[in-house]
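Close look at the chain arrangement
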Amino acid sequence: MTEGDHSSPSLTDDLFFVMHDNVTGRTRLHPRLASLGLAGAVISELMLAERATLDLASGQDRLYATARDATGDPLTQSVLDHLIAEPQHSVATWLHFFARTIYADVTGRMIAAKLLKPPARHLLKQQPAAPVNTNTAAWPLARLNLAVERRKPPVIRDCVLFGLFVATGGAQRAIREHDPAFATAAIAVLSAPLQRLIVQTQVAVGEAVISRR
């Protein structure tokens, strides 16, 4: 995907797809958990693009920007601008902050990119935003399933996708042959900052689950 071209699914879009049914668009997770995962995915996009990283030496996994040039995408640009303006916050703080609006932001971006259809009202009930192309929506989860079946960690981008899906609790429900040992091995190939981001996302999800009880 070239700079400024957002018609193809990003890492965040792929996570949205694996967390939702590829035909109906119905979520597999509670919206709060999905939102925390999406927040982690947008941050991951910036980290993979070497625009942000984690400070692992300060004792609190602080997230900060490493580049200030434009991302070409309003959503990732907004996240980057926040990191530049307030570099003192921890990853946990940012995950909860971005999770407040990220679900609507990602949905809107995917509708604009014609990856999702706008939500429709049917029989007085709001229907979720369904994928425009069911094959496109099914492909990210199919890639993860194929990697597990072959016992071969996927490319780095999909290792991040896998790690975040595990962190939300979605992999245990949607991966046909969920293998915790393989998931651990796939995450282990990532850089230390990306591994810590996945850990912090999982912690935030766990706290959200406990708070709902």
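Residues numbered from 1 in each chain as written. Predicted model: local features only at pLDDT ≥ 70, side-chain atom pairs only at ≥ 80, totals over all residues. Heavy atoms only, no water.

For the rest of this paragraph, the subject is the overall build of the chain. The secondary structure content of the chain amounts to ten helices and four strands. Element order for the chain, N to C, with α for helix and β for strand: α-α-β-β-α-α-α-β-β-α-α-α-α-α. Rg of the C-alpha trace for the chain: 16 Å, near the compact-globule value of 17 Å for 213 residues, within the 12% margin. For the C-alpha atoms alone, the extent of the chain along its principal axes is close to 50 × 40 × 35 Å. A fraction of 66% describes how many contacts in the chain between residues 6 or more apart in sequence connect residues 24 or more apart. Accessible surface, the chain as shown: approximately 10,200 Å² in total, 56% of it carbon and sulfur. Treating the 22 positive side-chain charges of the chain as one cloud and the 19 negative ones as another, the clouds have centres 8 Å apart. (Helix = DSSP H or I, 4+ residues; strand = E, 2+ residues; numbered from the N terminus. Rg over C-alpha atoms; globule rule 2.2 N^0.38 Å. Contact = heavy atoms within 4.5 Å. Areas by Shrake-Rupley, 256 points an atom, 1.4 Å probe, with all protein chains shown as cover. Lys, Arg positive; Asp, Glu negative; His and termini not counted. Charge placed at Lys NZ, Arg CZ, Asp CG, Glu CD.)

Quick look at unusual backbone geometry now. What is expected of a backbone is that most residues other than glycine have negative phi and most peptide bonds are trans. Positive phi values are uncommon outside glycine, yet Lys114 reaches one of about 60°. Inspection of the secondary structure puts Lys114 in the loop between helix H5 (102-112) and strand E3 (121-122). Residue class for Lys114 comes out exposed when judged on its relative accessible area of 64%. (Buried < 20%, exposed > 50% of the residue type's maximum accessible area, 1.4 Å probe, protein only.)

Taken together, Leu48, Ile156 and Val189 make up a surface patch of nonpolar side chains, about 230 Å² in accessible area. Position of Leu48 among the secondary structure elements: in helix H2 (residues 31-48). Residue Leu48 is classed as partly exposed on the basis of its relative accessible area of 36%. (Patch = residues over 30% accessible without salt bridge, like charges linked within 9 Å, V, L, I, M, F, W, Y side chains within 5 Å. Salt bridge = Lys/Arg side-chain N within 4 Å of Asp/Glu carboxyl O.)

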